[in-house]
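The primary structure of each chain is shown beneath.
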Amino acid sequence: MINKDAVQVDMLISTGKRLAAFLAVALLAAVLVAAGCLSAESNRVIIVPENSYWSPAMSSVIGIGLSADYSGSGNVTYKWTADYGGFLLWTPEVIPCDPPCTGTDTVWWTYVTEDNIPSVSDLPGEVRITVDAIDQGTGDTLAESFLMLEKDENGGYSIGLDG
């Protein structure tokens, strides 16, 4: 004869063990995710655009302004690269800073140079801009970020949806 009370007790114990195991795994996963997020957040650099669109027809704007925002600690310098175009520094005067442009947290991206404005058909559809946060003491890359610029039919560029 089957003792219903004994079966119910065994089922409760078995269910309790499964629940305890599930909770232990879930807690461990949460701790690992939190630890990973905390360490990733401490060395993070993001690109903050000054303007979201630029075209050479905009006479008062020299390009797309970009600033690096590093959330880690320590002294860093920045290295800016672009797979097309170049960078300008806008201090009291505008000066070119060809990729890789290093040492500054703010740059302006453009594809126009003093002696060259490419035709719209020669421009790439997308441009990837990358910034690296470099430890000044060791030269190690602490964090990296990128954004994409997308060309419109008139030769202007805007921050892409991925950027």
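Sequence order as written defines the numbering, with residues in each chain counted from 1. Only residues with pLDDT of at least 70 get local features here, since the model is predicted, and only at 80 or more are side-chain atom pairs given and counted; chain-wide, interface and lining totals rely on the full set of residues. With hydrogens and water excluded, all non-hydrogen atoms of the structure serve as input to the side-chain values.

A.B. asks: Please explain the pairing of strand E3 (residues 64-70) as it appears in this structure.
C.D. replies: Strand residues, when the strand is regular, have side chains that alternate between the two faces of the sheet. When a residue's accessible area, from a 1.4 Å probe over protein chains only, is under 20% of the maximum for its type it is buried; when over 50% it is exposed; and in between it is partly exposed. Helix and strand labels come from DSSP, where a helix needs a run of H or I of at least four residues and a strand needs a run of E of at least two; each type is numbered from the N terminus. When you tally the buried positions in E3, you get 5 out of 7 residues, the bulk of the element. We treat two strands as partners when DSSP finds at least two bridges between them. Two elements, strand E1 (residues 45-49) and E3, share 5 bridges in a ladder whose sense is antiparallel. The partner of Val48 across the bridge, within E3, is Ser67. Direction of pairing for E3 relative to strand E8 (residues 106-110): antiparallel, over a ladder of 4 bridges. The residue bridging Ser67 from the neighbouring strand is Thr106, located in E8.

A.B. asks: Any chance you could explain the sheet that holds E1 here in plain terms?
C.D. replies: Adjacent strands of a sheet form backbone hydrogen bonds with each other and so pair up, either parallel or antiparallel. Read across the sheet, 5 strands follow the order E1-E3-E8-E5-E6 without closing on themselves; strand pairing throughout is antiparallel. Each edge of the open sheet is held by one strand with a lone partner, namely E1 and strand E6 (94-97). The mean inter-strand angle of the sheet, taken between neighbouring strand axes irrespective of direction, is 35 degrees. Note on definitions: angles span 0 to 180 degrees between N-to-C directions of axes, and those axes are lines fitted to C-alpha atoms, for helices only across the stretch in contact.

A.B. asks: Just to check I follow, could you spell out the nonpolar core for this structure?
C.D. replies: The nonpolar side chains of a soluble globular protein tend to be buried with one another. Ranked by internal contacts, the top residues of the largest apolar core, which has 28 residues, are Leu66, Tyr78, Trp80, Trp109, Ile129 and Leu149. Elements represented by at least two residues in this core include exactly E1, E3, strand E4 (76-82), strand E5 (86-90), E8, strand E9 (126-135), strand E10 (141-151) and strand E11 (157-159). The residues touching Leu66, leaving out its near neighbours within four places in the chain, are Ile47, Val48, Pro49, Trp80, Asp105, Thr106, Val107, Trp109, Ile129 and Leu147. Here, the term nonpolar core denotes a set of buried Ala, Val, Leu, Ile, Met, Phe, Trp, Tyr and Cys residues that are joined through side-chain atoms within 4.5 Å. When checking whether two residues touch, look at their non-hydrogen atoms; a contact exists if any pair is within 4.5 Å.

A.B. asks: Quick question: what am I supposed to make of the side chain of Asn51 here?
C.D. replies: In this fold, Asn51 is placed in the loop between E1 and strand E2 (53-54). What qualifies as a polar contact is a pair of N or O atoms within 3.5 Å, subject to a donor-acceptor requirement within protein and to the restriction that residues adjacent in sequence count only when both atoms come from side chains. A polar side-chain atom of Asn51 sits 3.1 Å from the main-chain carbonyl oxygen of Tyr53. There is a polar contact of 3.1 Å between the side chain of Asn51 and the backbone oxygen of Gly63. With near-sequence residues (within four places) excluded, Asn51 lies in contact with Val61, Gly63, Ile64, Gly65, Trp108 and Ile159.

A.B. asks: Looking at this model, I keep getting lost on the environment of Pro118. Mind explaining?
C.D. replies: Its location among the elements puts Pro118 in the loop between E8 and E9. Owing to a relative accessible area of 14%, Pro118 belongs among the buried residues under this scheme. Taking C-alpha positions, Pro118 is 9.2 Å from Gly155, a pair spaced 37 residues apart along the chain. When near neighbours in sequence (up to four residues on either side) are disregarded, Pro118 contacts Tyr84, Tyr111 and Leu123.

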